[in-house]
Amino acid sequence: MPVARCAPPLLAIALLLVAPPLRAAQAADDIHTLDRERVSASALPITAAAASQHVTVLERADLDALQGLSAADILSRQAGIVIDRGAGSGGFGALYLRGADPSHVVVLIDHVRQNDPLSSRGSAVDLNTLSSDDIERIEIVRGNASVVNAEAIAGLIHIFTRRAAPGATLGASVGGDGLRAAQASWAGTALRASATQREENGEGGARNRVRAANLGWDGAVGERTRLHAAARYSDSRNLAFPDDSGGDAYAAIRSLDSRRSRSRQLSLRGEYRLRHGGAIEAQLATLARDGDEDTPGVAPGLRDPFGLPAMRSLGDYRRDEAQLHWLLRAGDGLMFTLGTQYQRERGDLDSLIDFGGFALPAGFSLRRSTASAFAEARWQAGPWTAQGGLRYEHPDRGDDATHPMLSLQRALGGEHGEWGLSVARSSKRPSFYALAHPLVGNPALKPERALHRELYYATAADAPWSLRLTLFDARYRDLIDFDAGPPPQLVNRARIETRGLEWRAGRRYANDWRLQFEGSWMRVKAYDGDGGETRLRYRPRAQWSASVGMPLGERRELSLALRHLGRRYDSSIPTGERRLDATTTLDLSLRQQWGPAQLLLAIDNLADARSEETIGTDSPGRRLRLALRWPLQ
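One structure accompanies this document, and this report is about it. Along each chain, numbering runs from 1 in the same order as the chain's sequence is written. Note on the predicted model: pLDDT of at least 70 is required for a residue's local features to be given, and 80 or more for side-chain atom pairs to be given and counted; whole-chain, interface and lining totals, by contrast, use all residues. As a rule here, side-chain values come from all non-hydrogen atoms in the structure, and water together with hydrogens is ignored.

### Quick notes on the overall build of the protein
Inclusion rule: Each helix is a run of DSSP H or I of at least 4 residues and each strand a run of E of at least 2, with the numbering of both proceeding from the N terminus. Using C-alpha atoms as the atom set, the radius of gyration is obtained and then compared with a globule rule of 2.2 Å times the number of residues to the power 0.38. The buried label goes to any residue with under 20% of its type's maximum accessible area, the exposed label to any with over 50%, and the partly exposed label to all in between, with areas taken from a 1.4 Å probe on protein chains only. Throughout, a contact is declared for two residues whenever any of their heavy atoms are within 4.5 Å. For the accessible areas, the method is Shrake-Rupley and the probe is 1.4 Å, while residue cover comes only from the protein chains on display. The convention is simple: Lys and Arg are positive, Asp and Glu are negative, and His and the chain ends are not counted. To locate a charge, take atom NZ for lysine, CZ for arginine, CG for aspartate or CD for glutamate.
The secondary structure content of the protein amounts to six helices and 35 strands. Computed over the C-alpha atoms, the radius of gyration of the protein is 24 Å, within 12% of the 26 Å expected from 2.2 N^0.38 for a compact globule of 633 residues. With the C-alpha coordinates of the protein rotated into their principal frame, the extents come out at 70 × 65 × 45 Å. Scored against the burial criterion, the 633 residues of the protein give a buried share of 54%. At a minimum sequence separation of 6, the contacts of the protein that also span at least 24 residues come to 63%. Accessible surface computed for the protein: about 26900 Å², of which carbon and sulfur atoms make up 58%. For the protein, the distance from the average site of its 81 positive side-chain charges to the average site of its 76 negative ones is 2 Å.

This is how it looks when you write it as structure tokens:
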């Protein structure tokens with residue numbers, strides 16, 4: 001009997017509950033103060049609670065209960081986020097937020113953007129290529145994410161890698177579905193290094209393996225200057241049934257899609273504190289990624305009488321960025337920043353499409369550079385706070401673009417909380433694939449555009465129950481869609497309109513018990529080029545979660561999390577379109593501190609609820625996870 005489904009998990013829980021409590025080790029937190037003051041919702045220093053956008057921040061304490069999970073699994077546990085394919089499937093893990101396409105969400109790792117415009121998925125990020133065991137903090141910004149990240153027209157995910165306490169730390173995780181993970185880190189007074197590896201298996205031979213290594217240095221130059229240098233390398237290998245193939249249940253071609261990706265990034269950030277307040281900040285960053293994808297194709301079926309041909313692709317992408325901005329306070333009520341940014345991109349794709357009787361080359365090469373300037377200001381007078389921003393972009397290809405945003409907030413006084421509203425316009429330029437692919441590319445494509453409007457209410461910070469309600473309206477225009485032609489090509493014609501409600505409520509009791517409720521409800525309308533409505537994949541109307549944290553003494557904590565994902569549409573070539581059933585899962589985790597070591601025992605999907613992740617691919621069933629982290633200071 002598999003270990004993930006047998007009785008020993010309950011016995012292990014009982015043993016931990018009666019184990020003698022030991023003293024907990026206090027982990028140091030080495031993230032610089034500037035990162036703590038500023039979430040990625042604004043170029044100005046602001047906390048997540050004070051931002052006009054709906055922001056979720058997962059701190060190290062939140063992530064400790066999720067050790068061993070993939071980055072996709074961690075994010076899919078947040079209400080309002082859908083990941084179509086988890087790491088175990090070996091497939092491309094795309095993130096859907098507020099009804100938009102995955103390419104409309106920007107993903108950063110340590111301030112460096114990960115989106116790759118060579119992808120046929122419109123520069124969406126494959127979350128199953130990201131390491132998870134070296135994560136320190138995750139910021140999730142819903143809606144337009146500041147004038148600094150204008151292409152984040154649906155939202156932004158910012159992942160910060162772990163800042164180890166002085167000394168060395170070792171970690172390991174094992175579990176069902178072939179889960180094996182290891183992590184090692186070391187930190188001195190200024191230098192730090194870490195390395196991670198994670199593997200997980202799925203149905204029909206599917207597999208995911210991710211490795212990553214990080215090197216960082218923080219140091220002061222004089223009394224007013226601080227420098228941060230970082231390097232990262234990651235390597236991923238995924239085996240999966242191709243998209244639209246029907247997965248293990250329906251795929252007629254049993255060969256797997258093989259994807260290999262290697263990524264390297266370097267960054268140097270500097271901060272100079274001015275004598276009379278404010279700061280000058282600069283960043284240089286480069287990202288290089290090369291990928292190798294070999295797909296066997298998809299056999300003809302109900303949705304497509306021709307199917308998809310086999311294809312081999314080699315991609316090479318590089319982005320270099322330079323950014324400078326000046327932050328200044330003008331009295332007690334006004335703060336503003338002025339900045340400039342320059343980005344240079346290069347992408348080469350070498351592709352060969354196998355139609356059986358003959359092979360067709362389909363490669364391209366493209367270069368693009370963009371110069372931008374932005375400004376953002378916040379003014380506070382009494383209970384009122386107004387914030388506005390403007391970004392101007394001048395690309396060497398295409399038209400100039402201007403992106404404004406404005407928010408207004410009012411504190412209600414006492415324990416009555418605050419309300420706020422905001423409006424923002426933004427755009428995203430077409431991907432390299434959409435512009436230059438020799439078979440379907442269209443160099444005349446225009447940028448995709450978005451308009452976001454939000455209204456929220458939040459309780460006071462010291463209220464017994466914390467509550468935040470957000471009403472949002474998002475409209476996406478000139479979305480890139482496929483036109484069968486002739487000739488077949490990508491065109492600007494689709495649009496999406498999304499309206500919804502997001503909520504978050506929680507309470508911390510005197511005995512340190514914690515309750516948290518989070519969820520979203522939305523209605524999505526999508527229109528094709530003829531103005532008719534169409535149904536989109538992976539847009540459930542309702543999602544919610546409820547969690548409780550129960551300290552069992554000073555060195556032990558039990559956590560329960562109930563999650564619901566509503567019904568959603570999917571489509572595959574052998575089956576056509578159909579709905580995936582809703583699913584509700586219960587996760588349990590128990591953390592025990594033994595001296596300097598921390599042990600985690602977790603059972604995912606405790607009730608073994610069954611559902612499909614995509615058509616023909618089952619979601620993971622009940623699984624036991626064990627994780628150990630051991631500081632060696």
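Now that the structure has been shown, the text picks up again.
### Details of the packing of aromatic side chains
The description of an aromatic ring pair uses the distance of the two centres, along with the angle that the planes make with each other. Note the threshold: In this scheme Phe, Tyr and Trp rings, the latter by its six-membered ring, pair at centre separations within 6.5 Å, and the angle between planes marks the pair as stacked below 30 degrees, edge-to-face above 60, and tilted otherwise. In this scheme, the term charge over a ring applies when either NZ of a lysine or CZ of an arginine sits within 6 Å of the ring centre and within 35 degrees of the ring normal.
The full count for this structure, using the stated rule, is six aromatic pairs. Considering the side-chain rings of Tyr317 and Phe432, the 6.2 Å spacing of their centres and the 75° angle between planes classify their relative orientation as edge-to-face. You can see Tyr317 sitting in strand S15 (residues 310-330) and its partner Phe432 sitting in helix H6 (residues 432-436), a full 115 residues away along the chain. Assigned by exposure class, Tyr317 and Phe432 land together as buried. The aromatic ring of Phe92 is capped on one face by Arg121, whose charged end is 4.0 Å from the ring centroid.

### Side note on a nonpolar patch on the surface
Put simply, the test is: A residue counts toward a patch only above 30% relative accessible area and without a salt bridge, and it is joined to like-charged neighbours within 9 Å or, for Val, Leu, Ile, Met, Phe, Trp and Tyr, to nonpolar neighbours within 5 Å. We count a salt bridge whenever a side-chain nitrogen from Lys or Arg sits within 4 Å of a carboxyl oxygen from Asp or Glu.
Residues Tyr272, Ile280, Leu324, Trp326 and Leu338 make up a contiguous nonpolar surface patch of roughly 420 Å² in combined accessible area. By the element assignment, Leu324 lies in strand S15.

### Considering the nonpolar core
Threshold: By convention a nonpolar core is built from buried Ala, Val, Leu, Ile, Met, Phe, Trp, Tyr and Cys residues, the set being connected through side-chain atoms within 4.5 Å.
Residues Leu75, Leu95, Leu130, Ile138, Ile157 and Tyr476 are the most contacted members of the largest nonpolar core, which totals 33 residues. For this core, the secondary-structure elements that each account for two or more residues are helix H4 (71-76), strand S2 (81-83), strand S3 (95-97), strand S4 (105-109), strand S6 (135-142), strand S7 (155-161), strand S23 (466-483) and strand S24 (489-508). Sorting elements by how many residues they give to this core places H4 first, with four residues. When sequence neighbours within four positions are dropped, the list of residues in contact with Ile138 reads Thr56, Val57, Leu58, Leu63, Ile74, Leu75, Ile157, His158 and Ile159. Core analysis: the next-biggest nonpolar cluster, separate from the first, contains twelve residues, Tyr317, Leu366, Phe432 and Leu435 among them.

### Brief notes about the pairing of S4
Rules: Only strands that DSSP links by at least two bridges are regarded as paired with each other.
Counting buried residues along S4, five of its five residues qualify, which places the element largely inside the surrounding structure. Alternating positions in S4 separate into two faces, Val105, Val107 and Ile109 on one and Val106 and Leu108 on the other, with burial throughout. The pairing of S4 with S7 spans five bridges and is parallel. Its bridge partner lying in S7, Ile109 is registered against Ile159. Bridge count for S4 against strand S5 (residues 112-113) is two bridges, and the pairing is antiparallel. Looking across to S5, one finds that Leu108 is bridged to Arg113. Here S4 folds back onto S5, and the loop between the two strands holds two residues, one of which, Asp110, carries a positive phi near 50°.

### Points about unusual backbone geometry
Cis geometry is adopted by the peptide bond preceding Pro486, which originates at Gly485 and carries an omega value of 10°. Tracing the backbone shows Pro486 in the loop between S23 and S24. Here the residue pair Pro486 and Pro487 is connected by a cis peptide bond, since its omega of -10° sits within 30 degrees of zero. With respect to the element layout, Pro487 can be found in the loop between S23 and S24. For Asp110, which is not glycine, the phi torsion reads 50° and is therefore positive. Within the secondary structure layout, Asp110 lies in the loop between S4 and S5.

### So, a positive patch on the surface
Together, Arg523, Lys525, Arg541, Arg567 and Arg579 line one region of the surface with positive charge. Relative to the helices and strands, Arg579 resides in strand S30 (residues 576-580). The class of Arg579 is partly exposed, set by a relative accessible area of 37%.

### Focus: the pattern of salt bridges
On inspection of all chains with the given rule, the structure shows 56 salt bridges. Linking Asp235 and Arg260 is a salt bridge whose minimum nitrogen-to-oxygen distance equals 2.8 Å. Of this pair, Asp235 sits in strand S12 (residues 225-240) while Arg260 sits in strand S13 (residues 257-273), placing them 25 residues apart in sequence. Assessed through its relative accessible area of 5%, Asp235 is described here as buried. By relative accessible area, Arg260 is classed as partly exposed at 31%. Three or more residues joined by partner-sharing salt bridges are found here, namely Arg77, Arg198, Glu200, Arg563, Asp587, Asp604, Arg623 and Arg625.

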